[in-house]
Amino acid sequence: MSLAPRFPKSDHCDGRQFFNPRNHINRHWFEVLRWKLTSRAAVWPEQVEVMPRTPPPTPTDGTLAVTWINHASFLLQTRHGNVLIDPVYSDRASPFTWAGPKRVHAPGIPFESLPPIDVILVSHDHYDHCDLPTLRRLAHRHPTARLVTPLGNAPLARTAGFTDEHITELDWWQAHEVTEGFHVRLTPSRHWSNRVRGLRNRRLWGGFFIQSGGRTAHFVGDTGYDDALFKEIRRQCGAPDLAMIPIGAYEPRWFMEPQHCNPDEAIRIHQDLGSRQSIAMHWGTFQLTDESRLAPVTALHAGLSACDLPRHVFQAIDPGDTLCV
């Protein structure tokens, strides 16, 4: 079998496998076992009531409307088109329908209430971000939508029913122009990739910097904190009008720190990016780690107060809520 490189060699790829520059840490199964044997997860509610809503009308004045659906799923509406990010509508963030983290609340926007979707962004292959049943539904309902994703993820998109003419793979810092004045750029994040089948880190991960006319939004993606990375994103892309930053799935820190930022680090990402306004994500839908459901929000509010930042600059909104910039 040929061992020729499949991907361009770079500071984050050896040709076949991806890694984080400067500091890449792979967790192993014995560390997972240590975590499960030495810590006790907080008890989450089995169900949280959420009133699903219809999205607002698509803006026509050049503004950008961002609605949090759940977990890391967002709907972005602009006069150039509608973007769906990391859509997860399944009951579990899992390869199985009978096991794995189960959602505790309904999506803030019902699937049937989504407007016509022009672009679907999938940041990496983990099940709480790349949900093949949802992608299959989208491929059937929105057959002309373009799916944009990091290198190595196209086969998953094909499995979900997207054709090659509607799939775009990007390396870090590469951009895809959807239409004039509307483009998406893949940005680095500090994370990793793997599914039940296949080898670890054979698919790239990242975030997305979206520009629609004069407005910009940055979906940070799953990430640990890096004291240089987000300043470099600001240098190359500019400070976003709106950032979507993860605040949950961070305990225990000895295990999660390389891959998931905690709320204090999320605030540092907000500051490093120079974001005018930020929305918290990656909390409250699926119990992935040990902290309680509302602990990320409580810690976010405490961290903002400690930094003398008003809450409105970095909000934890309810599923179905919309912010406009």
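Every value quoted in this text rests on a predicted model; they were computed, and no experiment measured them.

## Thoughts on unusual backbone geometry
For the peptide bond that leads from glutamate 251 to proline 252, omega is 0°, which places it in the cis range. Examined against the element boundaries, proline 252 turns out to sit in the loop between β11 (242-246) and α5 (253-256). Phi is positive for arginine 22, which is not a glycine, with a value near 75°. Checked against the element boundaries, arginine 22 lands in the segment before α1 (29-38). The exposure class assigned to arginine 22 is exposed, which follows from its relative accessible area of 63%. Its identity as a non-glycine residue notwithstanding, aspartate 86 has a phi of 40°, on the positive side.

## Concerning the pattern of salt bridges
One pass over the structure, following the stated rule, counts eleven salt bridges. A salt bridge links glutamate 265 to arginine 253, with the nearest nitrogen and oxygen atoms 2.8 Å apart. A residue pair is termed long-range when its members are at least 10 positions apart, and glutamate 265 in helix α6 (residues 263-273) and arginine 253 in helix α5 qualify at twelve residues. Accessibility classification places glutamate 265 together with arginine 253 in one group, the buried group. Here the salt bridges do not stand alone but share partners, grouping Arg22, Asp226 and Asp227 into one network.

## Description of the packing of aromatic side chains
The tally for this structure, following the rule as stated, stands at eight aromatic pairs. For the ring pair tryptophan 68 and tryptophan 283, a centre distance of 5.3 Å and an interplane angle of 25° mean the geometry is stacked. Placement of the pair is tryptophan 68 in strand β1 (residues 65-70) and tryptophan 283 in the loop between β12 (277-281) and α7 (295-306), with a sequence separation of 215 residues. Just as tryptophan 68 is buried, tryptophan 283 falls in that class too. Centroid distance tyrosine 89 to phenylalanine 111: 5.4 Å. Interplanar angle 85°. Geometry classified as edge-to-face. Here tyrosine 89, found in the loop between β3 (81-85) and β4 (119-121), pairs with phenylalanine 111, found in the loop between β3 and β4; they are 22 residues apart in sequence, far enough to count as distant. The buried category is assigned to tyrosine 89, whose relative accessible area is 10%.

Thresholds applied
- Residues numbered from 1 in each chain as written.
- Predicted model: local features only at pLDDT ≥ 70, side-chain atom pairs only at ≥ 80, totals over all residues.
- Heavy atoms only, no water.
- Helix = DSSP H or I, 4+ residues; strand = E, 2+ residues; numbered from the N terminus.
- Buried < 20%, exposed > 50% of the residue type's maximum accessible area, 1.4 Å probe, protein only.
- Salt bridge = Lys/Arg side-chain N within 4 Å of Asp/Glu carboxyl O.
- Phe/Tyr/Trp six-rings, centres within 6.5 Å; stacked < 30°, edge-to-face > 60°.

Nothing here speaks to function; it is geometry throughout.
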